[in-house]
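The residues making up each chain are set out below.
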Amino acid sequence: MDLNGFVDRFEASVEKTPLVLAVDGDEDNLLLVKYVVEQFNCTLLRATSSREALSLARENPPDLIVLEMVLPKLDGFELVRLLKNNGLTARIPLIAVTQLALPREREKILNVGCDAYLSKPYLFEDLEAILSRYLDRLPAMAVAAEAEERMCLLPE
């Protein structure tokens, strides 16, 4: 790809509306996340279970996932493992917004593969700050991922 093609891809990624997947078994919590995510002009997908989230993420990989770790049947820890072990979803930043608040729980959440952590109840400003940090990096992350993918396809 020449420099012009690279610039075109970068500009297209800047203009793309970010897609955020929110995962929580409680509809009220999903509404709170929706309120904050809408401030960033993102498209929001909502899931109330890990299985639904996994299906949505595989069908249309989001740019960011905000998830509760305490979910029915398949918990958030297993969901994170499944996402990280799938080539389509492995690089998606994961933000745990969860009722788990003990230091050892926070450590476990970050060790399993979440990129950030916020315990409930939270202030909107705290979630906004975390979302801003990751959403602002999306254009650069998309270009870097494409460049890395192209490097893997180059003949030796």
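Analysis parameters
Residues numbered from 1 in each chain as written. Predicted model: local features only at pLDDT ≥ 70, side-chain atom pairs only at ≥ 80, totals over all residues. Heavy atoms only, no water. Axes fitted to C-alpha atoms, helices over the stretch in contact; angles between N-to-C directions. Helix = DSSP H or I, 4+ residues; strand = E, 2+ residues; numbered from the N terminus. Parallel < 35°, antiparallel > 145°, perpendicular 65-115°, else oblique. Left-handed = near helix turned anticlockwise from the far one by under 90°. Contact = heavy atoms within 4.5 Å. Nonpolar A, V, L, I, M, F, W, Y, C, P; charged D, E, K, R; others polar. Salt bridge = Lys/Arg side-chain N within 4 Å of Asp/Glu carboxyl O. Buried < 20%, exposed > 50% of the residue type's maximum accessible area, 1.4 Å probe, protein only. Core = buried A, V, L, I, M, F, W, Y, C linked by side-chain atoms within 4.5 Å. pLDDT = per-residue confidence, 0-100. Expected span 1.5 Å × (residues − 1). Arc of directions from axis to C-beta. Pairing = 2+ DSSP bridges.

Asker: Quick question: what am I supposed to make of the packing of helix H3 (residues 50-59) against helix H4 (residues 76-84) here?
Answerer: In helix packing, the relevant descriptors are the interaxial angle and the interaxial distance, both defined with respect to the helix axes. Between H3 and H4, the shortest axis-to-axis distance is 10 Å and the interhelical angle comes to 20 degrees. One way to sum up the angle between H3 and H4 is to call them roughly parallel. Regarding H3 and H4, the two cross each other, and that crossing is right-handed. Residues Ser 50, Ala 53, Leu 54 and Ala 57 of H3 form the contact with H4, whose own contacting residues are Gly 76, Leu 79, Leu 82 and Leu 83. The residue makeup of the contact of H3 with H4, split by class, is six nonpolar, two polar and no charged.

Asker: Before we go on, may I ask you to explain the pattern of salt bridges in this structure?
Answerer: Pairing is possible between side chains that carry opposite charge, provided their charged atoms lie close to one another. The full count for this structure, using the stated rule, is five salt bridges. Asp 24 is paired through a salt bridge with Lys 120; the nearest N and O atoms lie 2.6 Å apart. With a gap of 96 residues between them, Asp 24 in the loop between strand S1 (19-23) and helix H2 (27-38) and Lys 120 in the loop between strand S5 (116-119) and helix H6 (124-135) connect regions that are remote in the sequence. Of the residues examined, Lys 120 reaches a relative accessible area of 19% and is grouped as buried. A salt bridge links Glu 38 to Lys 34; the nearest nitrogen and oxygen atoms lie 3.4 Å apart. Of this pair, Glu 38 and Lys 34 both sit in helix H2, four residues apart, roughly one helical turn.

Asker: What is the right way to look at the nonpolar core in this model?
Answerer: In globular proteins that are soluble, nonpolar side chains generally tend to be buried together. Ranked by internal contacts, the top residues of the largest apolar core, which has 23 residues, are Leu 21, Val 23, Ile 65, Leu 67, Met 69, Leu 79 and Ile 109. Among the elements of the structure, S1, H3, strand S3 (64-67), H4, strand S4 (94-98) and helix H5 (103-112) are those that each provide at least two residues to this core. The residues contacting Met 69, other than those within four sequence positions of it, are Asp 75, Gly 76, Phe 77, Val 80, Ala 96, Thr 98, Leu 100, Ile 109, Val 112 and Cys 114.

Asker: Just checking my understanding: could you explain the confidence of the model for the protein for this structure?
Answerer: Detailed reading of the predicted coordinates is not advisable wherever pLDDT falls low. Looking at the protein as a whole, its pLDDT mean stands at 84, while 78% of the residues score no less than 70. Below pLDDT 50 for its whole length, residues 140-147 participates in 10 contacts with residues either more than four positions away or in separate chains.

Asker: Looking at this model, I keep getting lost on the environment of Val 20. Mind explaining?
Answerer: Considering the arrangement of structural elements, one finds Val 20 in strand S1. Along the backbone, Val 20 and Val 33 are 13 residues apart, and their C-alpha atoms lie at a distance of 10.0 Å. Those residues in contact with Val 20 that sit more than four places away from it in its chain are Val 37, Cys 42, Thr 43, Leu 44, Leu 45, Pro 62, Leu 64, Val 66 and Leu 135.

Asker: Honestly, H6 in this entry has me stumped. Any pointers?
Answerer: Structural remark: α-helix, 3.6 residues per turn; residues separated by three or four positions point the same way. Compared with an ideal rise of 1.5 Å per residue, which puts 12 residues at 16 Å, H6 spans 16 Å between its outermost C-alpha atoms and is within 8% of the ideal. Among all positions of H6, only Leu 127, Ile 130, Leu 131, Tyr 134 and Leu 135 are buried. Buried residues of H6, seen end-on, are gathered within an arc of 125 degrees and therefore sit on one face of the element.

Asker: Would you mind showing me how to read the sheet that holds strand S2 (residues 43-47) here?
Answerer: Consider a sheet: its strands pair through backbone hydrogen bonds, and that pairing is either parallel or antiparallel. Pairing is parallel in the open sheet, where five strands are placed in the order S2-S1-S3-S4-S5. Each having just a single partner strand, S2 and S5 make up the two edges of the open sheet. For this sheet, the mean inter-axis angle between neighbouring strands, taken without regard to orientation, is 20 degrees. Bridging between S1 and S3 involves four bridges; their strand directions are parallel. Counterpart to Val 23 in the pairing with S3 is Leu 67. Running at roughly 170 degrees to S2, H2 makes contact with S1, S2 and S3 of the sheet.

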